[in-house]
Amino acid sequence: MADAPAVDVEKAGAPAGGGPDGSGGGGAVGAIVGRWRRQDLLDKSGSALRAAAWAFSLLAFLVMVANEHGDWRQFDHYEEYRYIVAVGLLAFIYTTLQLVRHGVRLSGGQDLQSKVGLLVDFAGDQATAYLLMSALSAAIPITNRMREGSDNVFTDSSAASISMAFFAFVCLALSALISGFKLSKQTYI
């Protein structure tokens, strides 16, 4: 019996940290540390998605505004393109304000009350995402009709702006999902 190999408990299946998630603490301490990590990941991913939406909405706005090629190939001759410019600018302003607000909060500054802030995040992300989807779905048909007649730099720029608006929509829709998840975890007592 003395020659029996010693069993290493850590390598036999228990996480290295001692807690269920390897965080170094067992039970309640491990659960609290795990929750803090998840909350930090949610905050960072929400901010990263808003930053991506900021960049995409700025690109959608700038590409369409620069789409001036003379005669009938000017964006301001078409309501659909003016709409995508307006919504792109609105999305850019909204995401700029949200990024500033989250930057102030992460740097230790004063923020809205947590429940009010979550409601603003959720409602603002959803409303802006719906507006972006509305603008790009209005601009797609006219762009497709123009491309059937002639495929040129004007229609290519319009398609690029529509694509950037779509990517901004995806980022804000995912951000709205994260905001909705955080809002659902709040207690109302």
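The residue count restarts for each chain, going from 1 along the sequence in the order it is written. The predicted origin of the model limits local features to residues at a pLDDT of at least 70 and limits the giving and counting of side-chain atom pairs to 80 or more, whereas totals for whole chains, interfaces and linings rest on all residues. As a convention, hydrogens and water are excluded, and side-chain values are obtained from all of the structure's heavy atoms.

1. Section: the packing of aromatic side chains
Piece 1. Pairing of aromatic rings covers Phe, Tyr and Trp, the last counted by its six-membered ring, and requires centre-to-centre distances within 6.5 Å; plane angles under 30 degrees mean stacked, over 60 mean edge-to-face, and any other angle means tilted. Applying the stated criterion across every chain, the model contains seven aromatic pairs.
Piece 2. A ring pair is formed by Phe 56 and Phe 167, whose centres lie 5.4 Å apart and whose planes are at 45°; its orientation type is tilted. Of this pair, Phe 56 sits in helix α1 (residues 28–65) while Phe 167 is found in helix α4 (residues 153–184), placing the two residues 111 residues apart along the sequence.
Piece 3. An angle of 40° between the planes, with centres 6.2 Å apart, marks the rings of Phe 166 and Phe 169 as tilted. Remark: Phe 169 and Phe 166 occur in helix α4; sequence separation between them is three residues, near one turn of the helix.
Piece 4. For Phe 166, a relative accessible area of 36% gives the class partly exposed.
Piece 5. A connected cluster of aromatic rings, assembled from ring pairs, spans Phe 56, Phe 166, Phe 167 and Phe 169. Here a helix means four or more residues in a row that DSSP labels H or I, a strand means two or more in a row labelled E, and each is numbered from the N terminus. Note on classification: 1.4 Å probe, protein chains only; a residue is buried when its accessible area is under 20% of the maximum for its type, exposed when over 50%, partly exposed between these limits.

2. As for the UniProt feature "transmembrane region" (unreviewed entry) in the protein
Piece 1. In the numbering used here, UniProt assigns the "transmembrane region" (unreviewed entry) feature to residues 47–66, 81–97 and 160–181.
Piece 2. The span residues 160–181 is 100% helix and 0% strand, and its two end C-alpha atoms sit 32 Å from each other. UniProt positions are given in the numbering used here, feature names are shortened, and annotations may be inferred rather than shown by experiment.

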